[in-house]
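Given next are the chains, with one letter for each unit.
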There are 2 protein chains.
Amino acid sequence: MAGNREKIIEGARRLMNREGSSATGTTRMAEALEISPGNLYYHFKSREEIVARIYERLEATFREGLVAGTGDGITPERFADFYIVAIGIAWDYRFFFASQTDLLAADDALARRHRELQAWSLNALEEIVALLEKQGTALLPKARGEAARLRKSIALNTWLLWISWISFVKVEKAESDLVRGDMARGAVQMFDLFSPWLDTEFEKAARKILNSELERMDAVA
Amino acid sequence: MAGNREKIIEGARRLMNREGSSATGTTRMAEALEISPGNLYYHFKSREEIVARIYERLEATFREGLVAGTGDGITPERFADFYIVAIGIAWDYRFFFASQTDLLAADDALARRHRELQAWSLNALEEIVALLEKQGTALLPKARGEAARLRKSIALNTWLLWISWISFVKVEKAESDLVRGDMARGAVQMFDLFSPWLDTEFEKAARKILNSELERMDAVA
DNA sequence: GTCTATAAGCAGATAGAC
DNA sequence: GTCTATCTGCTTATAGAC
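Now for a description of the structure that goes with this document. Note that the structure is a prediction, hence the values are computed from the model and not measured.

The next thing to look at is the protein's contact with DNA strand C. Neighbouring DNA strand C are 16 residues; Tyr42 and His43 of chain A together with Thr26, Tyr41 and Arg47 of chain B lie closest to it. A distance of 3.5 Å is found between a phosphate oxygen of DNA strand C and a backbone nitrogen or oxygen belonging to Asn4 of chain A. In the environment of DNA strand C, a phosphate oxygen lies 2.9 Å from a nitrogen or oxygen atom belonging to the side chain of Tyr41 of chain B. Residue contributions to the surface near DNA strand C peak at four residues, all from helix H3 (residues 37-43) of chain A. Classifying every residue of the surface near DNA strand C gives four nonpolar, eleven polar and one charged.

In structure tokens form, the structure reads like this:
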């Protein structure tokens with residue numbers, strides 16, 4: 001009853017992560033999954049649709065990770081978790097970040113969808129900064145308009161680091177294979193972007209949690 | 001005597017910028033240049049080679065722009081010029097930044113080459129920061145090891161912003177066409193990354209020059 | 001629900017005429 | 001130096017058997 005649908009989505013994601021989106025045709029997917037190309041097209045009307053279904057998971061995980069559990073204010077644990085979630089997604093869907101432009105150019109609906117996610121995310125990140133200010137754990141310069149400008153800048157830079165980290169590491173490690181641990185520096189780099197404005201105690205606590213989480217992840221993967 | 005060689009390199013760059021690398025096959029190149037596919041293969045042994053020749057220009061322009069004219073110290077003019085050069089390249093070779101990973105995955109020699117450029121560039125950027133410190137126009141926190149860490153961080157963030165800006169703007173402007181003016185915000189975003197550590201007078205002067213240069217560029221293009 | 005077989009199209013690249 | 005014509009190999013996707 002379940003059929004191969006789930007297996008295909010998950011297998012395609014894995015394969016594209018390993019070999020890159022453009023190197024992963026429907027034939028190779030079917031081959032790697034040990035099913036026939038025909039079977040693949042029974043479950044999905046096109047390759048595009050497979051990518052779209054994978055993207056939906058990326059999007060859902062990301063939105064959830066950015067929104068959940070900030071109602072009672074942001075603890076150092078919660079703050080560190082933002083970065084953990086972010087780099088987890090960048091790793092789990094690295095094929096997408098590596099081929100963003102081509103994937104979006106090939107599918108208008110996907111492009112619109114990602115455009116909305118980007119806009120939404122920049123807002124959400126700004127709100128997180130604002131929330132940290134409100135609860136006194138972040139202090140931005142109060143000069144006229146400066147705080148608002150800086151909030152936007154932190155949000156945008158965090159986003160840009162997030163989307164580019166995979167490309168950067170792939171260049172750096174051209175010959176050897178990427179491992180999950182390569183993401184850790186990216187998380188720290190994103191964290192560092194914000195840390196100058198954080199309350200010292202809060203910053204210390206959050207960094208400690210982030211570092212131990214990253215080590216834990218590395219040990220598992 | 002000159003033949004079509006130059007015309008092909010320049011035409012391929014233009015076409016790939018407009019339609020994206022993966023959408024620009026050798027057939028389409030020949031068509032757009034109004035020459036035959038055969039002629040194209042007389043001048044270049046493969047599509048890869050065309051891309052490699054284009055990349056060489058990107059690389060040369062970039063290295064030159066990052067190194068030239070710092071012997072007598074860095075003036076606000078020279079400092080602003082770094083960003084002008086950087087975004088000029090990001091614009092002129094935007095096809096490369098948009099499809100980096102796929103292009104490098106398809107050509108090992110190119111991947112190695114770009115890997116060296118990335119490493120070299122991070123060093124060069126660090127040196128620029130150090131130079132600004134030495135001449136007293138940048139002030140980084142002196143706490144043990146902090147300055148070195150921050151120099152590296154500024155260099156890396158600047159690089160990451162540079163390589164990701166095009167992807168970001170392409171998502172934002174999904175339906176309409178990109179224009180050169182879309183790059184201006186990227187330059188400012190990169191500049192902002194460094195500005196908190198700059199001497200106030202120097203920062204003001206450099207920002208003013210940067211802004212007027214960006215306006216000038218926009219008016220021309 | 002899964003298979004085999006294959007169509008249709010486009011890519012990169014080459015041979016050989018002019 | 002440039003052309004026409006063409007080959008090979010790949011891709012996405014479909015038709016129809018089981």
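Our next topic: the protein's contact with DNA strand D. Around DNA strand D, the surrounding shell holds 16 residues, and the nearest of these are Thr26 and Tyr41 of chain A together with Ser36, Tyr42 and His43 of chain B. Near the protein, within 4 Å, the atoms of DNA strand D are sugar or phosphate in 68% of cases. Here a phosphate oxygen of DNA strand D sits 2.9 Å away from a polar atom, N or O, in the main chain of Arg47 of chain A. The side chain of Asn39 of chain B places a nitrogen or oxygen atom 2.9 Å from a phosphate oxygen of DNA strand D.

Moving on: the relation of the copies chain B and chain A. With an RMSD of 0.0 Å, the operation that places chain B on chain A is a rotation of 180° combined with a shift of 0.0 Å along the axis. When the rotation and shift are considered jointly, the pair of chain copies conforms to a two-fold rotation axis. When C-alpha distances to the rotation axis are compared across chain B, the minimum falls at Ser164 of chain B, with a value of 2.8 Å. Residue by residue, 100% of the interface of chain B is reproduced at the interface of chain A, so both copies engage with the same surface.

Here we take up the packing of helix H8 (residues 146-172) of chain A against helix H6 (residues 94-105) of chain B. Orientation of H8 of chain A relative to H6 of chain B, taken along the N-to-C sense of each, is 25°, at an axis distance of 10 Å. The orientation of H8 of chain A relative to H6 of chain B falls into the category roughly parallel. In terms of crossing hand, the pair formed by H8 of chain A and H6 of chain B is left-handed. Two secondary-structure elements touch here, H8 of chain A through Ser167, Lys170 and Val171 of chain A and H6 of chain B through Gln100, Thr101 and Leu104 of chain B. Among the residues making up the contact of H8 of chain A with H6 of chain B, the classes are represented as two nonpolar, three polar and one charged.

Moving on, we come to the pattern of salt bridges. Enumeration according to the criterion identifies 38 salt bridges over all chains in this entry. Two residues, Arg151 of chain A and Glu133 of chain A, come together in a salt bridge whose shortest N-O distance is 2.4 Å. You can see Arg151 of chain A sitting in helix H8 and its partner Glu133 of chain A sitting in helix H7 (residues 108-134), a full 18 residues away along the chain. When the shortest N-O distance is used, the salt bridge between Asp192 of chain B and Arg207 of chain B registers 3.0 Å.

All names here are of chain A. Here helix H6 (residues 94-105) is twelve residues long and its end C-alpha atoms lie 17 Å apart, about the 16 Å a rise of 1.5 Å per residue gives. Taken across its twelve residues, H6 has eleven buried, putting it largely inside the fold. Along H6, the positions that sit buried rather than exposed are Arg94, Phe95, Phe96, Phe97, Ala98, Ser99, Gln100, Thr101, Asp102, Leu103 and Leu104.

What follows is about the interface of chain B and chain A. On the side of chain A, 32 residues touch chain B, which itself brings 32 residues to the contact. Among the residues chain B hides against chain A, the three largest losses belong to Arg115, Phe168 and Val171 of chain B. Together they make up 20% of the total. The tally of links between chain B and chain A comes to two salt bridges. Notably, a salt bridge pairs Asp192 of chain B with Arg149 of chain A, separated by 3.1 Å at the nearest N-O pair. At the surface where chain B touches chain A, the tally comes to 16 residue pairs in polar contact (both at pLDDT 80 or more). Elements represented by at least two residues in the side of chain B that touches chain A include exactly H6, helix H7 (108-134), helix H8 (146-172) and helix H9 (184-194) of chain B. With 15 residues, the single largest contributor to the side of chain B that touches chain A is H8 of chain B. Looking at the side of chain B that touches chain A residue by residue, the class counts come to 13 nonpolar, eleven polar and eight charged.

Calculation criteria
Residues numbered from 1 in each chain as written. Chains lettered and ligands numbered in written order. Predicted model: local features only at pLDDT ≥ 70, side-chain atom pairs only at ≥ 80, totals over all residues. Heavy atoms only, no water. Near = heavy atom within 4 Å. Polar contact = N/O pair within 3.5 Å; in protein donor to acceptor, adjacent residues only side chain to side chain. Helix = DSSP H or I, 4+ residues; strand = E, 2+ residues; numbered from the N terminus. Nonpolar A, V, L, I, M, F, W, Y, C, P; charged D, E, K, R; others polar. Least-squares fit on C-alpha atoms with pLDDT ≥ 70 in both. Contact = heavy atoms within 4.5 Å. Axes fitted to C-alpha atoms, helices over the stretch in contact; angles between N-to-C directions. Parallel < 35°, antiparallel > 145°, perpendicular 65-115°, else oblique. Left-handed = near helix turned anticlockwise from the far one by under 90°. Salt bridge = Lys/Arg side-chain N within 4 Å of Asp/Glu carboxyl O. Expected span 1.5 Å × (residues − 1). Buried < 20%, exposed > 50% of the residue type's maximum accessible area, 1.4 Å probe, protein only. Buried area = accessible area lost by both parts, 1.4 Å probe.

Functional significance is not addressed by these values, which are geometric in nature.
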